[in-house]
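Here is what each chain is made of, one letter per residue.
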Number of protein chains: 4
Amino acid sequence: MAIWGSNKNMPRKLLEFLNGKNCKADEILLPHNCKVVLAYCGGLKTKGIITEEEFSRCKAALIELEGSARLGKIKIGIEEEDSHTVIENHLIQMLGDTGKKIHIGKSRNDEALCVLRLYCKEKLGETKNLVLNAVKLLEEITSKHKDTEMPGYTHMKKAMPTTFSYWCKGFANLFEKDLKALEFAVSYVDYCPLGTAAGFGSTIKLDWKQIANELGFSKIEENGYGAQNSRMKEGAMICFVLLQAMMDVNKMATDLMLWNTEEFGFVKLSKDATTGSSIMPHKNNPDVLEMLRASAGKVAGYQHQIQMISNNLPSGYNKDHQEMKMPLIEAFEISIVSLEALLLVLEGLKINKEAMANALTEEMGSAKRAADLALGGKPFREAYLSQKSA
Amino acid sequence: MAIWGSNKNMPRKLLEFLNGKNCKADEILLPHNCKVVLAYCGGLKTKGIITEEEFSRCKAALIELEGSARLGKIKIGIEEEDSHTVIENHLIQMLGDTGKKIHIGKSRNDEALCVLRLYCKEKLGETKNLVLNAVKLLEEITSKHKDTEMPGYTHMKKAMPTTFSYWCKGFANLFEKDLKALEFAVSYVDYCPLGTAAGFGSTIKLDWKQIANELGFSKIEENGYGAQNSRMKEGAMICFVLLQAMMDVNKMATDLMLWNTEEFGFVKLSKDATTGSSIMPHKNNPDVLEMLRASAGKVAGYQHQIQMISNNLPSGYNKDHQEMKMPLIEAFEISIVSLEALLLVLEGLKINKEAMANALTEEMGSAKRAADLALGGKPFREAYLSQKSA
Amino acid sequence: MAIWGSNKNMPRKLLEFLNGKNCKADEILLPHNCKVVLAYCGGLKTKGIITEEEFSRCKAALIELEGSARLGKIKIGIEEEDSHTVIENHLIQMLGDTGKKIHIGKSRNDEALCVLRLYCKEKLGETKNLVLNAVKLLEEITSKHKDTEMPGYTHMKKAMPTTFSYWCKGFANLFEKDLKALEFAVSYVDYCPLGTAAGFGSTIKLDWKQIANELGFSKIEENGYGAQNSRMKEGAMICFVLLQAMMDVNKMATDLMLWNTEEFGFVKLSKDATTGSSIMPHKNNPDVLEMLRASAGKVAGYQHQIQMISNNLPSGYNKDHQEMKMPLIEAFEISIVSLEALLLVLEGLKINKEAMANALTEEMGSAKRAADLALGGKPFREAYLSQKSA
Amino acid sequence: MAIWGSNKNMPRKLLEFLNGKNCKADEILLPHNCKVVLAYCGGLKTKGIITEEEFSRCKAALIELEGSARLGKIKIGIEEEDSHTVIENHLIQMLGDTGKKIHIGKSRNDEALCVLRLYCKEKLGETKNLVLNAVKLLEEITSKHKDTEMPGYTHMKKAMPTTFSYWCKGFANLFEKDLKALEFAVSYVDYCPLGTAAGFGSTIKLDWKQIANELGFSKIEENGYGAQNSRMKEGAMICFVLLQAMMDVNKMATDLMLWNTEEFGFVKLSKDATTGSSIMPHKNNPDVLEMLRASAGKVAGYQHQIQMISNNLPSGYNKDHQEMKMPLIEAFEISIVSLEALLLVLEGLKINKEAMANALTEEMGSAKRAADLALGGKPFREAYLSQKSA
């Protein structure tokens, strides 16, 4: 039961409706919540609201709980509502009255936002590392394929000659821009909201900057409306920034699948990255590429979900905000595993240089021929037309 | 391991990436898959490909497996890929060579589509029942509140007098239109795709109409492109039809929350349908209404996900199609639990007739006064202007 | 100036903000609005609120205005707000006091909804005809290519042999399902909302069924909440139904572009349906197919726009509802022109039978070989595995 | 006719389909395109491909064309395709052979992207100024309402006391974060793509950094895949960044409409910012607020459109990319006019201090009372429970 004594007569069907998915989300967020409560207890201690000794006992209990949570050992029942309750219950059970002291001046509204931002910063960091690895891997491949000529396509038709390394380098550049977007997202959530409480400021004054510092935030939120009204915006923002990377993954997978057809034959996937058919013995399907292609759509769907839920809502915390947790978590999980899978696919990719070279046709030099004529004195448009009729 | 021997060297990370979520979805779809395989075995028996006795043994094994699956006892490992493999593995383990015979002429492509359609028909039926219950409940309330006068609002401003029953009846009408949309969705998926195999027709000819009939489908798919290319479309269609009902739920919840504010005070939620605050002892929050409001956005997000994933894909089965299972299942689960919760909320809702009556102000009669003047001979627009300046 | 005298001091910037786009939409809807007002005047006449002679004069004026509007001659200024005002102003200018009588018992809320439904029914009819033409054309092509063998693909890899006619027939089937969805959409909006006024019923009682009948509606709306709250839902519904057809167009275009690459070479577009490059003289780009591919995304965007705008809004007319006009009109225009363009492309399409036949490879018979072995007595899965290792 | 002689036999229906909307977009982008061509001509001059004198004549012609375009005087016919053709045609008509020289080494692909980025930088600048004005105005209002107490709401229920200035300050903070997002978007598109031509590099080598510098870009694109594959991503990014500001506008409008109801009565809109009803003489509707509320959904729809169109497309320029121009332009136009309208609304807003003060109820002090008890020694959770039962 929620420690504040509500919900006790709520039908189980409603409890499940309200808390079911949220408890799953909060099992994932629980470690970060422990960190937040610990830093908050530090603030209470500094202010003299709990003693040094009470703080130490809280700290030990929270560290232990965080450890169990990281191992996935803590399950949250629907009657407990959320991770905040789990922690307060846990501290009361372990420490008695001390546990009852810790929620003073804090609301679940600022606490949940703080937990989410901490989680986002951690996961954005993981994502950045993977994107960085993709950049490095692509640059390695780039350096190996400087001379691997192949057709460049526009409108899905042969356009001009290019190299496989040019394609790799292009995606390295795109991922580098994604890195900047990921860094922007970090700066966007790098505000500690503790002290804004339910959205109208706290009833007690702690050293909010010190608490923020403890948690690794570089700035604090000055205003509760600013904090609570940014929650859905930043959920959408983070999904969107992840989507930027997934859009690149989508396009790489699309290109590679085209080049992996029997008709193009430019690349071949490692056997271990293809799957079979239940009916056609000969098949080697590029399922991993197809799943990579699908990731962008999934993340876009989660972004959309957050935007739909939040549009036209009034200021301040609304329960609907809870429903951005699961899409956000899913968006991170999809993005991270997709980047990992992409790295595996690229590492095992075989390039068929001969097929690429054979696909270069004479007509693909038409732009160059027109330009050469133009450099020789013929106005470019006339040179172009002369090649067209040729 | 997938029975056809592929994937055996695939890194676990990739297996998890490919099959992780799908195995969860297939645990839910497994009972329907058992039904499909059973009907298919019936077709093989009629054709003489398996014997009467082999069919009986398959039947027993499939019924038992379906039972376990309905109880949630069957977990699908990522190395097994999906429910199709689980079934074939199970039959081989139980029945030896007989089990190895059953996949002839069938692909996972037509099988999965058939399973999904069976699942959708069952869940659309459940949804229809709940919507019908909502219509009935609203009509009951309508009949109790014929005389409960209240303001009608446009642009969120007092417009003209109306009654609470008029509001209830309006939503009953909306849900009745949703019922028609749900019925349309049933007819949309009421085609048995078995016999289209991988998408290009089966290598053997069974009595497809008989099999369809056995499974409760009224029509069969004549063409594999038609079948496979409709999968994502119908996933989106079903989400959209569910969304139609959720849009009504969204609007009812929005109205009720407005009327539940201290300022309006027209309705009061049953105590058991509100929750408390961790910091403010006095709070009774309408969390259930907020969660109902959020459901439309969630379903819209899943619809969007399916549309994003499928846009710009070529014909035929692509692995990306697998990724419409989870959003579809989620859309059903959200819609069904939301309708159940709505019924509970409406049953416990208290109407404050006095507050509603008190909110009727004199200016709200202006349209009637203008009309009365017009009926008395003054051209309407002049009557209107005379009331405006009044 | 709006005839009811408001807005006269509104800054032009705000007038433009409120009415700018809406006036463009209403120029398109004006002919349908004339029809609605004419039928309404008929109701006023029957009730004796205007005389037979007044009705005749209104009729003449409205028919003339409708004619001018159909020719695109009527421009609506932002200070006039909308087509409703244009009509009332026009009638007052032409007929004096008679014109001032016609708006009694009517609100712009029910009028606008009625106009939109009339417009939708007309445009759904046009769309249906085009889809029907696509079905016919595809069936003609089907009958010509019964023997045009080609590879069938799954996962973008060669799967099993099929024919070009099988592909055509598959899309004919898909469009036939779209026709059913279009018909459902017609039935969904086939309710005349006149008489619900601002959303709370009319101050006068006309023969609503007779008016509905005059306008070609088969049913009437009984309830103003039902009417006003369905507006955004049906806007989304119609976009979604159009999207179903556009999804098929999207997939056809995607397939054809793949087959139009130099590497596949299965089809060739008519020269008149391709465009050139400004830099590469040799290029013939399938721009028409690319634009067809883009149409689905555009319509999906408009559907999404309507859903985003309407989510979380309270009951009754809100000005936001106005903003579903333009996306709805755009969705129709895109869908209709895309279907027209598709027909032109299909008519000019050249099929390269030889290239198709040459692309059939021996391995594509593996499923048949396994099935044949199985029919000869070997359990299917063993037959399959024997072909795999072969 | 397109200068390169294609399309001359294309049916008018297809020309309209391909170019209709694009020509409207390009009329808006034409001034920026003139700037791009001028800078490019500068590069050709430096390289000696055109003479100093030819450059001067090009410059004069381009400046004149830009001027006409800024005045909206240039209409682009569908047979001309786009602004690039208009410019080349214009220069050829004015300057003969000199005009035929200027497209050497350039494709419409890099040119269009360059034009779009220039346009975006200009419009992002305008948006930033308006957001900055909103911050300033909100801070002015903040300073005037330090003592204007009012209820703070969570879950749409009275929560804790706050002030009107706290609300204003919260939105000022939110807009300040939006400014950072707008600045990030500027940096995201601040790469000159000239020199990447059709996507595979130019056939001639100009001083790309110098050209970029001339156009005000701080960086250049090194890779054609990087350039072309970022086009749809940055279209989506800019819509999303605009949406961030529109989400704040959406929430402000939603709050103000709630407070503008007769029941709340906290604020009153300036008479000049409300509109009337055609049937109810007494109405003053907050149409401007409703339109402001709708803007977020509209921009979200355009973002979605771009994402839908681009997902699952292969690398390099595809005609579908053209279709991001109109949604992008619309998103800017909506955002800019909405911010302007918001400023007008806020300037005319009347605050009803008395109504706000009267709405403060005794129960709203419960959190403070519990905290005070806790500071006095009672563990917080017990203090809380004591207030709950009170």
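Residues numbered from 1 in each chain as written. Chains lettered and ligands numbered in written order. Predicted model: local features only at pLDDT ≥ 70, side-chain atom pairs only at ≥ 80, totals over all residues. Heavy atoms only, no water.

On to the overall build of chain A. The secondary structure content of chain A amounts to 14 helices and 6 strands. Taking 2.2 N^0.38 as the reference for a compact globule, 390 residues should give roughly 21 Å; the C-alpha atoms of chain A span a radius of gyration of 27 Å, well beyond that estimate. When the backbone C-alpha atoms are referred to their principal axes, chain A occupies close to 90 × 55 × 40 Å. Going through the 390 residues of chain A one by one, you find that 71% of them count as buried. (Helix = DSSP H or I, 4+ residues; strand = E, 2+ residues; numbered from the N terminus. Rg over C-alpha atoms; globule rule 2.2 N^0.38 Å. Buried < 20%, exposed > 50% of the residue type's maximum accessible area, 1.4 Å probe, protein only.)

In the structure shown here, the tally under the stated rule is 119 salt bridges over all chains. Between A:K123 and A:E126 there is a salt bridge; the shortest N-O distance is 3.3 Å. Residue A:K123 and its partner A:E126 are both found in helix 5 (residues 108-144); the two are separated by 3 residues, about one turn of the helix. Given the relative accessible area of 18%, A:K123 is considered buried. The partner of C:D178 in a salt bridge is B:K233, and the shortest N-O contact between them spans 2.8 Å. Residue C:D178 is found in helix 6 (residues 164-188), and its partner B:K233 is found in helix 9 (residues 231-259); the two belong to separate chains. Judged by its relative accessible area of 0%, C:D178 is buried. In this structure B:K233 comes out as buried when scored by relative accessible area, which is 3%. Three or more residues are tied together by salt bridges with common partners; here these are A:K35, A:E66, A:R70 and A:E122. (Salt bridge = Lys/Arg side-chain N within 4 Å of Asp/Glu carboxyl O.)

With that out of the way, let us pick up the domain arrangement of chain A. In terms of domain boundaries, chain A breaks down into domain 1 (12-100), domain 2 (108-359) and domain 3 (360-390). Domain 1 of chain A and domain 3 of chain A are separated by 72 Å when their C-alpha centres are compared. (Domains from an automatic or database assignment.)

Turning next to the interface of chain A and chain D. Listed as interface residues are 89 residues of chain A and, on the opposing side, 89 residues of chain D. Each partner contributes to the roughly 7,600 Å² buried at the junction of chain A and chain D, and carbon and sulfur atoms together form 62% of this total. The largest per-residue losses of area from chain A upon contact with chain D belong to A:K177, A:F200 and A:R381, which jointly make up 10% of the total buried on that side. Along the contact surface separating chain A from chain D lie 10 salt bridges. With its nearest N and O atoms 2.5 Å apart, the salt bridge here joins A:R381 to D:E88. Linking chain A with chain D are 32 residue pairs in polar contact (both at pLDDT 80 or more), by the criterion used here. Split into classes, the residues belonging to the side of chain A that touches chain D amount to 39 nonpolar, 28 polar and 22 charged. (Contact = heavy atoms within 4.5 Å. Buried area = accessible area lost by both parts, 1.4 Å probe. Polar contact = N/O pair within 3.5 Å; in protein donor to acceptor, adjacent residues only side chain to side chain. Nonpolar A, V, L, I, M, F, W, Y, C, P; charged D, E, K, R; others polar.)

We now examine the interface of chain C and chain B. On the chain B side, the residues contacting the 89 residues of chain C number 89 residues. In this assembly, chain C packs against chain B so that about 7,600 Å² is buried in total across both faces, 61% of it on carbon and sulfur atoms. The largest per-residue losses of area from chain C upon contact with chain B belong to C:K177, C:F200 and C:R381, which jointly make up 10% of the total buried on that side. Summed over the shared surface of chain C and chain B, the number is 10 salt bridges.

Quick look at the relation of the copies chain A and chain D now. Superposing chain A onto chain D requires a rotation of 180 degrees together with a translation of 0.0 Å along the rotation axis, leaving an RMSD of 0.0 Å. Such a turn and shift between the copies fits a two-fold axis. Among all residues of chain A, the one whose C-alpha sits closest to the rotation axis is A:F184, at a distance of 3.7 Å. When the interface residues of chain A are mapped onto chain D, 100% of them again lie at the interface, so the same face is used by both copies. (Least-squares fit on C-alpha atoms with pLDDT ≥ 70 in both.)

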